Amino acid sequence: MARRFLYLFVPDFAFDWRRKGDSTLASGDLPMVLTRRVAGSETVMAADHAAALQGIAVGRSLADARAMQPGLKALEADPAADRRRLEQLATWCQRYTPMVAVDSNAAPFNGDGGSAGLYLDITGCAHFFRRDGAEDIRTEEQALGRDCLDALTRLGFTARLAVADTPDAARAVARFSAPLLTLVPPGSTRMAIEPLPVAALGLASASVEALDRVGLRRIAQLIDKPRAPLASRFGLPLVAALDRALGHRPAALDMRKPETPFRERLAFAEPIALREDLERAARQCLAGLCRRLEREQAGARRVRIRFFRVDGEVPQITVGTSRPCRDADVLFRLLVQHFDKLDPGFGIDVAVAEILESDAAGGVQAALGTRAGRDRDVVADLGDRLANRIGAGAVYRLQPVESHRPERSERPEEARPSGKALYWSNLRPLPPERARPVRLMRRPERVEATALLPDHPPARFHWRGAEYRVAEAAGPERLAPEWWRTGDGDDAGADTATRDYFRLEDQEGRRFWLYREGLAERGEAPLWYLHGLFA
C-alpha cells in the first residue's frame, strides 16, 4: 500500500488556543502579539494574522508595534504552555491515526511566530471515513480531511490541510497553498510542488535569499538541476529537502507510534455523554481486544481506554492486572471503578481502547478448569481490583525467603498491577510443632521471664506492664544463625546468638511465641523476647 501523509498547519496556533480559553480575546479581529523581554525591552515574538496585516513583524519592539496599532493586545509568550497545547492537539489527532508527529520546524516561536504543524500518517486509515459505499481513495481522504477541519473549527483552530505521498510534500502544499484542504493524487507529487516557492522546502532563510539572488524562486526551477552543482553552491540541505519532498529520500519523523498493536477504535455518529453509553462503548472495545488476544494466545497486563471529547480534551483511564488476562468482563470491572471521575464534557465522539502491555497467557489459562485454578484467579482478580482502586502500594503479599530467622523468612512484595500474580504459594505447610504465629512483632520485644530451670520454658513473664502465668508450653525449637552472616560484611556480628523458641498459652487462653537468646551451657546469660502472637 502506498504511503499517504496528512499535514495539519495551524497558522495562528499560539493565538487560537488562547482565544478559546479567554472570552475577552474571542474576537479574531483584535490584533494580538506575544512578547518576551529581550535586552531590557519587550520584543514581539509572534504576531497573529490581523497584526501581520498591520505590518507588525516578529522582532519589532512592542513600543513600535503599539505606535503602529494603538489597540494592539499584547500577551507574554509562554513556549512551554504552547508546547503542552501542541502535544495535546497531537494526542487528539490520534483519533484519525495512531501515528502522529509534531513538526519541530513549525513549532511556536521556532522561526514562524505562533504557527504550528503536525504530520499524520493516514496510510490505511482513510477507509474508516468512507461514505455511501464509495471506495475511491480520494473520496475517503476528502471525508477524513473534512471531518478533521470541522472538528478543528469547533475547537477554535483555523487550519489548512494537505494530503500527499510524502510528508515534506504535504507540508509544502499545506503551508503555501490557499485552499483549506488540498489532496495531491498518488504519483502527482512533482506536479503539486513545482509551482510552490523554494521556501516551501523548509530551507533556512539564508538559503532562500541565496537562491533568490540568482533568480531561483520556484521549486520547478530546481527539480531538474544537477544535484552536485546545487549542493556545491547552496549546500547539502537544499538537495536533501528536494529529495525528501519527491520521495527519493526518506523523511525522519518522530512519530507517536502506538505502544502496542492491540487497539480498538469506536466512533459515534453523535457525541455521547451518559454513563451507560460510555460503559457500553468500553465493553464493545474490550470485547474486540479480547477476541484478538484469544487468537494470539496472549493476555493483557495493562489496559488504557481514552475518550476523545468534542472540546479537544482526552480523558483516559489506565488499569493493570497481576496476571495475563483476556476476559473482557474482568477488564471492564477494573476500568468501570474509575468512571465516576470521568468527565464527558459536552460529549465524546470517539473511544479508543489499547493494550499497553501484554504477555503470553497459555500457561496461566490452562488451570482454569480446576478448583485450585479458579481460587487462584479469584484471589488475583480481587488483588487487581483493590490495587487499581486504592493504589498498588496498599496491597502486598508475603514472599518466602530462605532464612532461618523468622523476621527474615518473608518479605512484603508489592502486589502491583502488571507485576507478579497473587497466586497461592506452592510451599508445603509447616508441621504443627513448627507452626508460626499469624502476627509477628516488627521487632522482638524484651520480656522478663521466670523459668524453673535454665533450659525450661518460662512459668510466667512480664510484658508491657502486665504479668502472664503460663498454663501450657511446647518447645523448644532451636534456630541457629546463618553461618554466612557471622563473617565480614554488613551483617557481621548481627543476630549471631542461638534462639530457643517456645509456644506458650497463659491461664486465660492467650497464646504467645517467646524465645530465649543465649545458651546457659555455653555460659551465656539468657535473655527472653516476645516475637509473635497466635490467633
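Residues numbered from 1 in each chain as written. Predicted model: local features only at pLDDT ≥ 70, side-chain atom pairs only at ≥ 80, totals over all residues. Heavy atoms only, no water.

## Regarding the sheet that holds strand β12 (residues 348-360)
Taken in spatial order, the 4 strands line up as β9-β12-β10-β11 in an open sheet, and their pairing is antiparallel. Taken across any chain shown, the strands that pair with only one partner, and hence form the sheet edges, are β9 (263-272) and β11 (316-325). Strand-to-strand twist of the sheet, defined as the mean angle between neighbouring strand axes without regard to direction, takes the value 15 degrees. Of the strand pairs in this sheet, β9 and β12 are connected by 6 bridges, and their pairing is antiparallel. In the sheet register, I272 faces β12, and the bridge partner there is I348. (Pairing = 2+ DSSP bridges. Helix = DSSP H or I, 4+ residues; strand = E, 2+ residues; numbered from the N terminus. Axes fitted to C-alpha atoms, helices over the stretch in contact; angles between N-to-C directions.)

## Points about helix α4 (residues 79-92)
Look at α4: 20 Å from first C-alpha to last across 14 residues, which is about the 20 Å you get at 1.5 Å a residue. Inspection of α4 places A81, D82, L86, L89, A90, T91 and W92 among the buried residues, and these make up the whole buried set. (Expected span 1.5 Å × (residues − 1). Buried < 20%, exposed > 50% of the residue type's maximum accessible area, 1.4 Å probe, protein only.)

## What about the sheet that holds strand β20 (residues 527-533)?
An order of β15-β16-β17-β18-β19-β20 is seen for the 6 strands of this closed barrel, with the pairing classed as antiparallel. This sheet shows a mean twist of 45 degrees between the axes of neighbouring strands, independent of strand direction. Sheet topology note: the strand β17 (residues 466-479)/strand β18 (residues 499-506) ladder contains 7 bridges and is antiparallel. By the bridge assignment, R478 is partnered in β18 with D500.

## Looking at the pattern of salt bridges
The tally for this structure, following the rule as stated, stands at 35 salt bridges. As a salt-bridge pair, E357 and R302 come within 3.9 Å of each other at their nearest N and O atoms. Taken together, the positions of E357 in strand β12 and R302 in strand β10 (residues 298-309) put the pair 55 residues apart, joining distant regions of the chain. Across the pair D506 and R510 runs a salt bridge whose closest N-O atoms are separated by 2.8 Å. Residue classification places D506 among the buried positions, given a relative accessible area of 3%. (Salt bridge = Lys/Arg side-chain N within 4 Å of Asp/Glu carboxyl O.)

## Regarding the nonpolar core
In terms of nonpolar packing, the biggest core is built from 38 residues, with L8, W92 and L118 touching the most fellow members. Once residues lying within four places of it in the same chain are set aside, the contact partners of W92 are C148, A151, L152, L155, F308, R309, G312 and V314. Core analysis: the next-biggest nonpolar cluster, separate from the first, contains 34 residues, F5, A162, A170 and L230 among them. (Core = buried A, V, L, I, M, F, W, Y, C linked by side-chain atoms within 4.5 Å. Contact = heavy atoms within 4.5 Å.)

## Structural notes on helix α12 (residues 275-296)
Its 22 residues give α12 an end-to-end C-alpha distance of 32 Å, which sits within 8% of 32 Å, the value for a rise of 1.5 Å per residue. Looking at α12, one finds that the buried residues are L278, A281, A282, C285, L286, G288, L289, C290 and L293. As for α12, its buried residues are in contact with β9, β10, β11, α13 (328-336) and β12. Positive backbone phi, at 55 degrees, marks Q297, one or two positions downstream of α12.

## Brief notes about the confidence of the model for the chain
Per-residue pLDDT for the chain averages 82, and the proportion of residues at 70 or more is 82%. Within the model, pLDDT remains below 50 along residues 363-369, and this stretch shows 12 contacts once partners closer than five positions in the same chain are excluded. Predicted confidence is poor over residues 417-427, with pLDDT under 50, and the contacts of this stretch with residues over four places away or in other chains come to 38 contacts. (pLDDT = per-residue confidence, 0-100.)

## As for the pairing of strand β6 (residues 116-121)
One face of the sheet, then the other: side chains in a regular strand alternate in exactly this way. β6 sits mainly inside the fold: 6 of its 6 residues count as buried. Neither face of β6 is exposed, since A116, L118 and L120 on one face and G117, Y119 and D121 on the opposite face are all buried. Relative to β6, strand β1 (residues 5-10) runs antiparallel, the two sharing 6 bridges. Across the sheet, the residue bridging to L8 is L118, located in β6.

## Points about the packing of α12 against α13
Close contact between α12 and α13 brings their axes to 9 Å; oriented N to C, the two are set at 140 degrees. For the element pair α12 / α13, the angle class is oblique. Handedness of the α12/α13 crossing: right-handed. Where α12 abuts α13, its residues R275, E279, A282, R283, L286, A287 and C290 lie against A328, D329, L331, F332, L335 and V336. Its residues assigned to classes, the contact of α12 with α13 shows 9 nonpolar, no polar and 4 charged. (Parallel < 35°, antiparallel > 145°, perpendicular 65-115°, else oblique. Left-handed = near helix turned anticlockwise from the far one by under 90°. Nonpolar A, V, L, I, M, F, W, Y, C, P; charged D, E, K, R; others polar.)

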